[in-house]
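Residues per chain are reported as follows:
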Amino acid sequence: MSFISDYREDVKSFLEHDPAASSAFEVVTLYPGFKALRSHRKANWFFRHNMKLIARAISQRCAHKTGIEIHPGATIGRRVCIDHGTGIVIGETTEVGNDCIIYQGVTLGGTGKDTGKRHPTIGNGVLVGAGAKVLGPINIGNNVKIAAGAVVVKDVEDNSTVVGVPGRIVRIDGEKVDDLDQIHLPDPVMNAIRDNAILISDLSKRIEKLEEKENESI
């Protein structure tokens, strides 16, 4: 893919995923997420050609200007959108697929114990909500939705949603989840608690009726 077409794809991705973006000119000149991604592509080129000091200098300058720290060794796919982006940290061996959305405060990092491949691999079409942490050399499948604030330390299958701390996984079963909605995601634990509360209430009413009948018969 040529530089021009790649550049246009990045701009189009931001326009499609951020309703606040009013024009391509605004994205190119004012969006820190867009600037961070373009800067990373340059830094990654130097990193892959064994000019790591230059690569680190580019990435650190970008981190200082945008608040988004992407290690030059990280692999970032096409049409990735970083929305806002302040506080994002992406580690050296992280791999991010195509058509992903990453919100502010996200960490794609290591656990501190691993060596070699020590950061996550993110599939295609993944949404990582604000403040979420994905840690260690784990695999996140395609079309996964990670809710805001979730902490993920285990592999996640395709077409799943992850919520909570630590992350709990629930399959979506083909239901489309709005990429811009990080809040209204299914929580299987809360659903189970709600179901149990309804059951307990029903049992309590039945016990009360049985007690009333027993008192009447005395």
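Look up a bit, the structure's there.
Presented here is a report on the structure given in the accompanying data block. In every chain, residue numbers begin from 1 and rise along the written sequence. The predicted nature of this model means local features are confined to residues of pLDDT at least 70 and side-chain atom pairs, given and counted, to a pLDDT of 80 or more, with totals for whole chains, interfaces and linings taken over all residues. Hydrogens and water molecules were not included; the side-chain quantities draw on all heavy atoms of the structure.

### Focus on the packing of helix 1 (residues 3-17) against helix 3 (residues 32-48)
It is at 11 Å that the axes of helix 1 and helix 3 come closest, and there the two elements cross at 155°. With respect to each other, helix 1 and helix 3 are oriented roughly antiparallel. When you trace helix 1 past helix 3, the crossing you get is right-handed. For the pair helix 1 and helix 3, contact is made by Phe 3, Asp 6, Tyr 7, Asp 10, Val 11 and Phe 14 and by Gly 33, Phe 34, Leu 37, Arg 38 and Arg 41, respectively. Under the scheme applied here, ten amino acids are nonpolar (Ala, Val, Leu, Ile, Met, Phe, Trp, Tyr, Cys and Pro), four are charged (Asp, Glu, Lys and Arg), and all others, including Gly, are polar. Taken together, the residues of the contact of helix 1 with helix 3 sort by class into six nonpolar, one polar and four charged. Axes, fitted as lines to C-alpha atoms, cover a helix only where it is in contact. Angles between the N-to-C directions of the axes lie from 0 to 180 degrees. The secondary structure listing takes helices from DSSP runs of H or I that are at least 4 residues long and strands from runs of E that are at least 2 residues long, numbered from the N terminus. Working rule for angles: under 35 degrees goes down as roughly parallel, over 145 as roughly antiparallel, 65 to 115 as roughly perpendicular, anything else as oblique. By convention, the crossing between two helices is left-handed when the near helix turns anticlockwise from the far helix through less than a right angle, and right-handed when the turn is clockwise. Throughout, a residue-residue contact means that at least one pair of heavy atoms, one from each residue, lies within 4.5 Å.

### Some thoughts on the nonpolar core
Throughout this description, the term nonpolar core refers to a set of buried Ala, Val, Leu, Ile, Met, Phe, Trp, Tyr and Cys residues connected via side-chain atoms within 4.5 Å. Any residue under 20% of the maximum accessible area for its type is buried, any over 50% is exposed, and the rest in between are partly exposed; the area is computed with a 1.4 Å probe on protein chains only. Counting residues in each nonpolar core, the largest one holds 36 residues, and the members touching the most others are Val 134, Ile 140 and Ile 146. Taken together, the elements giving at least two residues each to this core come down to helix 1, helix 3 and strand 3 (81-83). When residues in this core are grouped by element, the largest group, three residues, is from helix 3. Residues in contact with Ile 146, not counting those within four places in the same chain, are Leu 127, Val 128, Gly 129, Ala 132, Val 134, Ile 140, Val 152 and Val 162.

### Concerning the sheet that holds strand 11 (residues 139-140)
The strands making up a sheet associate through hydrogen bonds between their backbones, and the pairing can be parallel or antiparallel. Spatial ordering of the open sheet is given by 2-5-8-11, a layout of four strands whose pairing is parallel. A strand with exactly one partner marks an edge of an open sheet, and here the two such strands are strand 2 (75-76) and strand 11. One bridge is not enough; two strands pair if DSSP finds at least two bridges between them. Two elements, strand 2 and strand 5 (residues 95-96), share two bridges in a ladder whose sense is parallel. Opposite Ile 76, over in strand 5, you have Val 96 as the bridge partner.

### Focus: the pairing of strand 14 (residues 160-163)
Side chains Ser 160 and Val 162 of strand 14 all project onto a buried face; the interleaved residues Thr 161 and Val 163 project onto the opposite face, where all are buried too. Bridging between strand 12 (residues 145-146) and strand 14 involves two bridges; their strand directions are parallel. Along strand 14, the bridge assignment pairs Ile 146 with Val 162.

### Remarks on the pattern of salt bridges
Whenever a carboxyl oxygen of Asp or Glu lies within 4 Å of a side-chain nitrogen of Lys or Arg, that contact is scored as a salt bridge. Tallying each qualifying case throughout the model produces seven salt bridges. Salt-bridge contacts for Arg 38 lead to Asp 10; the nearest nitrogen and oxygen are separated by 2.5 Å. Of the two residues, Arg 38 is situated in helix 3 and Asp 10 in helix 1; the sequence distance between them amounts to 28 residues. Relative accessible area serves as the criterion here: at 0%, Asp 10 is assigned to the buried category. A network of salt bridges, in which partner residues are shared, links Glu 9, Arg 78, Arg 79 and Asp 99.

### Brief notes about the sheet that holds strand 10 (residues 133-135)
Spatially, five strands are ordered 1-4-7-10-13 in an open sheet, and the strand pairing comes out parallel. Only two strands of the sheet have a single partner each, and these edge strands are strand 1 (69-70) and strand 13 (151-152). One ladder, built from three bridges, connects strand 7 (residues 107-109) with strand 10; its direction is parallel. Looking across to strand 10, one finds that Gly 109 is bridged to Leu 135.

### Focus on a positive patch on the surface
Residues with no salt bridge and a relative accessible area higher than 30% make up the patches, which join like charges within 9 Å and nonpolar side chains (Val, Leu, Ile, Met, Phe, Trp, Tyr) within 5 Å. Using a 1.4 Å probe, accessible areas were evaluated by the Shrake-Rupley method; residue-level cover was limited to the displayed protein chains. For this count, His and the chain ends are skipped, Lys and Arg are scored as positive, and Asp and Glu as negative. Charge positions are represented by NZ for Lys, CZ for Arg, CG for Asp and CD for Glu. Together, Lys 35, Lys 42, Arg 61 and Lys 65 give the surface a local cluster of positive charge. Broken down by secondary-structure element, the contributors of at least two residues to the positive patch are helix 3 and helix 4 (52-66). Inspection of the secondary structure assignment puts Arg 61 in helix 4.

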